[in-house]
Amino acid sequence: MIEMDLELAHLRVDYAQTTIIQDLSLNLQAGVSMALVGPNGAGKTTLLNAISGHCPVQAGRVVFGGHDVTRWSVDRRARVGMGRSFQGIHLFPHLSTLESVTLAIAAREGTPTGRLFSRVPEQWQQEAHTYLQQTALSHHAGKAANTLSHGDKRKLELAMLLALRPALLLLDEPTAGMALAEVPVMLGLLEEIKASGKYAILLVEHKLDVVFRLSDEVVVLQQGSILAQGTAHDVMADERVQAAYLGGQHVEST
Amino acid sequence: MTRHTRQFGPLLLILVVVALVPVLFGVGGITNLLEQVFAFALFAMSYDLLIGYTGVVSFGHAVFFGTGAYVVGIFLAHSGGSSGGLLVGTCVALGMSILLSLLIASISLRIRTVYFAMITLAVGQTFYVLSGSQMLQPLTNADDGMTVPLPVWLTHDRPVYYFSLAVLVLCLVLLRLFVRSPVGLVLQGIRENEGRVLTLGHSVYRFKSIAFVISGLMATVAGILYVIAQTFVSTGVYDVSISLDVLLMTIIGGIGTLYGGLLGALIIIVAQTEFTNLAGTYPIFGRYTILFGVLYIVIVRFMPRGIVGTILESIKRRSGQEG
Ligand SMILES: Nc1ncnc2c1ncn2[C@@H]1O[C@H](COP(=O)(O)OP(=O)(O)OP(=O)(O)O)[C@@H](O)[C@H]1O
Ligand SMILES: [Mg+2]
């Protein structure tokens, strides 16, 4: 089996004339969970975009599972095992939760375009149900995505991601905007996912308790460069990190 | 009642009634009118595949309709109305339709979807001009249009009626299976959120191309049904107004309902015919396109889901309340 490692080498991303990510190098091994923290505007989302193919890279390389994917399209990267969620809700408003998850399974299975007139396989539907169950959405199977609560929408994002069976999970603030009461459920789900050891996880998160619980390693990003890297405890004890955070004032807590 | 009878019961009932029309009312005016409705219903449903299921707007869907009508018309006219002419013409028309779809897809999809509407319009207008050009007069009879002889087995009203109905039902079944297939699901995903579909790993380009091809093929078959019903073809089949009519039919019936096209076509074709008749006595009715414009606004404003969409919605809500 090929190790599905992610390797970023001397990455640079510009928007217009401004450099957002600067000479950034990073390694993420299969099965490892890494948290990406940093003040607003540090470039966390931009870095995820560069990895998933949602924004072009001006210099450097993105290597995933042995492929140099730097110039690959978004869908092609997804097909080799990159699963991505977004900071904002990014769902199929009028499709049911079951259909949404089935759509992810279809992507994973590479929907046979030769079978244009056959039904959606029963197997897929059953599998979709298991992902809804795993994310505590079973009772919403027939509901349209846009009728769900914000927290359930976040869970649906996760169910779709799991259905892809990706090797790498790129999660952009999976608890953002969630009601306080909903966060523990999401946290529990993410812990299970991490504990399964099946995924490399790159998690953007502001809430420090979430970071502590979910990450093996923490990377602090500031103005597009890595400020510090290490275990959560070490990194948070770092003076420069504290300075950056106190300056940024963006430590959230649940 | 099982879910299937509830779902298909009404459709079967309608089919039986429609099949009995020649027996109950005789043939002639009414069957000929319905044959046109069949052709346009299929045309509207093919359009719904694009606008309703994939979320792509085309202003030149007539290019497929017209090609079906013209190619089969030419083959029939130049073979003296032989069955072979019909068969070969149909195959050539379908082949051309696939090539056209792929061509349009390759030009428009690589850039941006907005261009699809423009490009279909441009290609449609090119064919409109070509079909009326003097250069092609020996083939198409240019501006005057062609009378199209039909094979012997299609020379009577009844066979034409049942043939058209059978083709419509067959295509309807295929379309229904298609929208329920995994590919149909991906298309609906594209309509809802194209970027998300891409991020899941689907090749949006490939799926849109498939939608264009299937939709184009169905519109081509609709054009073939039209020429068989009319036994005449002229440049009008490529006219922009046909593309707009079909948009109106789809919207009235209900976008994204598939069956809406059946009702939309019935309403528009019957209204067109009635208004044209009335215009003989009261010239004011010759301006019925204005009424269509008003109808369009009323539907979009008060019934955005169209007639079938609104009915399905209320059934769903009622059964939701019961359960
Ligand atoms: N599409 C864009 N065009 C131009 N500038 C952009 C664009 N997207 C982001 N930026 C800029 O890039 C910088 C980094 O933004 P990014 O969204 O990556 O930050 P972030 O670390 O994810 O912040 P947050 O914690 O608020 O989500 C910001 O200064 C932002 O203004
Ligand atoms: Mg961000």
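These numbers come from a predicted model, not from an experiment.

1. Comments concerning the coordination of the magnesium ion (ligand 2)
Residues and elements named next belong to chain A.
Thought 1: Coordination of the magnesium ion (ligand 2) by the protein comes from Thr45 (OG1) and Gln87 (OE1), over a distance range of 1.9 to 2.2 Å. Here Thr45 is found in helix H1 (residues 44-52), whereas its partner Gln87 is found in the loop between strand S6 (82-84) and helix H3 (97-109), with 42 residues between them in sequence.
Thought 2: Judged by its relative accessible area of 26%, Thr45 falls in the partly exposed class.
Thought 3: With a relative accessible area of 36%, Gln87 lands in the partly exposed category.

2. Here we look at the side chain of Arg77 of chain A
Thought 1: Locating Arg77 of chain A in the fold gives a position in helix H2 (residues 74-79).
Thought 2: There is a polar contact of 3.1 Å between the side chain of Arg77 of chain A and the backbone oxygen of Trp72 of chain A.

3. Regarding the interface of chain A and chain B
Thought 1: The interface of chain A with chain B comprises 35 residues on the first partner and 27 residues on the second.
Thought 2: Buried area between chain A and chain B, both sides added, is near 2,600 Å², and the carbon and sulfur share of it is 69%.
Thought 3: On the surface where chain A and chain B come into contact, there are one salt bridge.
Thought 4: Measuring nitrogen to oxygen at the nearest pair gives 3.4 Å for the salt bridge that ties Arg196 of chain B to Glu157 of chain A.
Thought 5: Viewed at the interface, chain B and chain A are joined by 11 residue pairs in polar contact (both at pLDDT 80 or more).
Thought 6: The element contributing the most residues to the side of chain A that touches chain B is H3 of chain A, with six residues.
Thought 7: Counted by class, the side of chain A that touches chain B contains 20 nonpolar, eight polar and seven charged residues.

4. Description of H3 of chain A
All names here are of chain A.
Thought 1: For H3, which comprises 13 residues, the first-to-last C-alpha distance of 18 Å matches the rise-based estimate of 18 Å (1.5 Å per residue) to within 8%.
Thought 2: Of all the 13 residues making up H3, 10 are buried; the element is thus mostly covered by neighbouring parts of the structure.
Thought 3: Buried residues of H3: Thr97, Leu98, Ser100, Val101, Thr102, Leu103, Ala104, Ile105, Ala106 and Ala107, and no others.
Thought 4: Gly110 sits one or two residues past H3 and shows a positive phi near 65°.

5. With respect to the site of ligand 1
Residues and elements named next belong to chain A.
Thought 1: Residues in close proximity to ligand 1 total 13 residues, the closest being Asn40, Lys44, Thr45, Thr46 and Gln87.
Thought 2: At a separation of 3.3 Å, an oxygen atom of ligand 1 approaches a polar backbone atom of Ala42.
Thought 3: Side-chain polar atom of His206 to an oxygen atom of ligand 1: 3.1 Å apart, as the coordinates give it.
Thought 4: Within the complex, 58% of the 640 Å² of free accessible area of ligand 1 lies under protein.
Thought 5: Per-element accounting of the shell around ligand 1 gives the leading share, three residues, to H1.
Thought 6: Looking at side-chain class alone, the shell around ligand 1 contains four nonpolar, seven polar and two charged residues.

6. Focus: a nonpolar patch on the surface
Residues and elements named next belong to chain B.
Thought 1: Among the surface-exposed residues, Val16, Leu20, Val23, Leu24, Phe25, Ile30 and Tyr162 lie close enough to one another that they form a single nonpolar patch of about 650 Å² accessible area.
Thought 2: Take the nonpolar patch: its biggest share by element is five residues, from helix H1 (residues 3-25).
Thought 3: Mapped onto the elements of the fold, Val16 is located in helix H1.
Thought 4: Given the relative accessible area of 47%, Val16 is considered partly exposed.

7. With respect to the sheet that holds strand S10 (residues 225-230) of chain A
All names here are of chain A.
Thought 1: The six strands lie next to each other as S6-S7-S8-S3-S9-S10, forming an open sheet whose pairing is mixed. Every other strand in the sheet has two partners, leaving S6 and S10 as the edge strands with one partner each. The sheet shows a mean angle of 20° between the axes of neighbouring strands, taken without regard to direction.
Thought 2: Pairing geometry for strand S3 (residues 33-37) and strand S8 (residues 200-204), over four bridges, is parallel. Bridge assignment links Met34 to a residue of S8, and that residue is Leu202.
Thought 3: The sheet strands contacting helix H5 (residues 150-163) are S6 and strand S7 (168-172), and the helix crosses S7 at an angle near 165°.

8. Structural notes on the pairing of S10 of chain A
Thought 1: In terms of strand pairing, strand S9 (residues 217-222) of chain A meets S10 of chain A through five bridges, oriented antiparallel. Across the sheet, the residue bridging to Val218 of chain A is Gly230 of chain A, located in S10 of chain A.

9. Focus: the nonpolar core
Thought 1: Among the nonpolar cores identified, the biggest contains 137 residues, and Val101 and Leu156 of chain A together with Phe40 and Leu42 of chain B are the most heavily contacted of them.
Thought 2: Here Phe40 of chain B is in contact with Phe65, Tyr226, Ile242, Met249, Ala265 and Ile269 of chain B, once residues within four sequence places are set aside.
Thought 3: Ranked by size, the runner-up nonpolar core spans 32 residues in total, among them Leu24, Leu36, Val69 and Leu202 of chain A.

10. A few points about the sheet that holds strand S5 (residues 67-68) of chain A
All names here are of chain A.
Thought 1: Taken in spatial order, the four strands of this open sheet run S2-S1-S4-S5, and their pairing is antiparallel. Here the strands that pair on one side only, and so sit at the sheet edges, are strand S2 (18-28) and S5.
Thought 2: Of the pairings in the sheet, the one linking strand S1 (residues 6-15) to S2 comprises seven bridges and is antiparallel in character. Residue pairing for S2: Asp14 is matched across the bridge by Thr19.
Thought 3: Along the sheet, H1 makes contact with S1, S2 and strand S4 (59-64), crossing S1 at roughly 115°.

11. Points about the packing of H3 of chain A against helix H8 (residues 182-200) of chain B
Thought 1: At a closest axis distance of 11 Å, the pairing of H3 of chain A and H8 of chain B adopts a crossing angle of 65°. Seen along the crossing, H3 of chain A lies across H8 of chain B with a hand that is right-handed. The residues of H8 of chain B that touch H3 of chain A, namely those facing Glu99, Thr102, Leu103, Ala104 and Ala107 of chain A, are Leu185, Val186, Gly189 and Leu200 of chain B.
Thought 2: Considered class by class, the residues forming the contact of H3 of chain A with H8 of chain B number six nonpolar, two polar and one charged.

The rules behind each value
Residues numbered from 1 in each chain as written. Chains lettered and ligands numbered in written order. Predicted model: local features only at pLDDT ≥ 70, side-chain atom pairs only at ≥ 80, totals over all residues. Heavy atoms only, no water. Donors = N, O, S within 2.8 Å, 3.2 Å for Na, K, Ca; no water. Helix = DSSP H or I, 4+ residues; strand = E, 2+ residues; numbered from the N terminus. Buried < 20%, exposed > 50% of the residue type's maximum accessible area, 1.4 Å probe, protein only. Polar contact = N/O pair within 3.5 Å; in protein donor to acceptor, adjacent residues only side chain to side chain. Contact = heavy atoms within 4.5 Å. Buried area = accessible area lost by both parts, 1.4 Å probe. Salt bridge = Lys/Arg side-chain N within 4 Å of Asp/Glu carboxyl O. Nonpolar A, V, L, I, M, F, W, Y, C, P; charged D, E, K, R; others polar. Expected span 1.5 Å × (residues − 1). Near = heavy atom within 4 Å. Areas by Shrake-Rupley, 256 points an atom, 1.4 Å probe, with all protein chains shown as cover. Patch = residues over 30% accessible without salt bridge, like charges linked within 9 Å, V, L, I, M, F, W, Y side chains within 5 Å. Pairing = 2+ DSSP bridges. Axes fitted to C-alpha atoms, helices over the stretch in contact; angles between N-to-C directions. Core = buried A, V, L, I, M, F, W, Y, C linked by side-chain atoms within 4.5 Å. Left-handed = near helix turned anticlockwise from the far one by under 90°.

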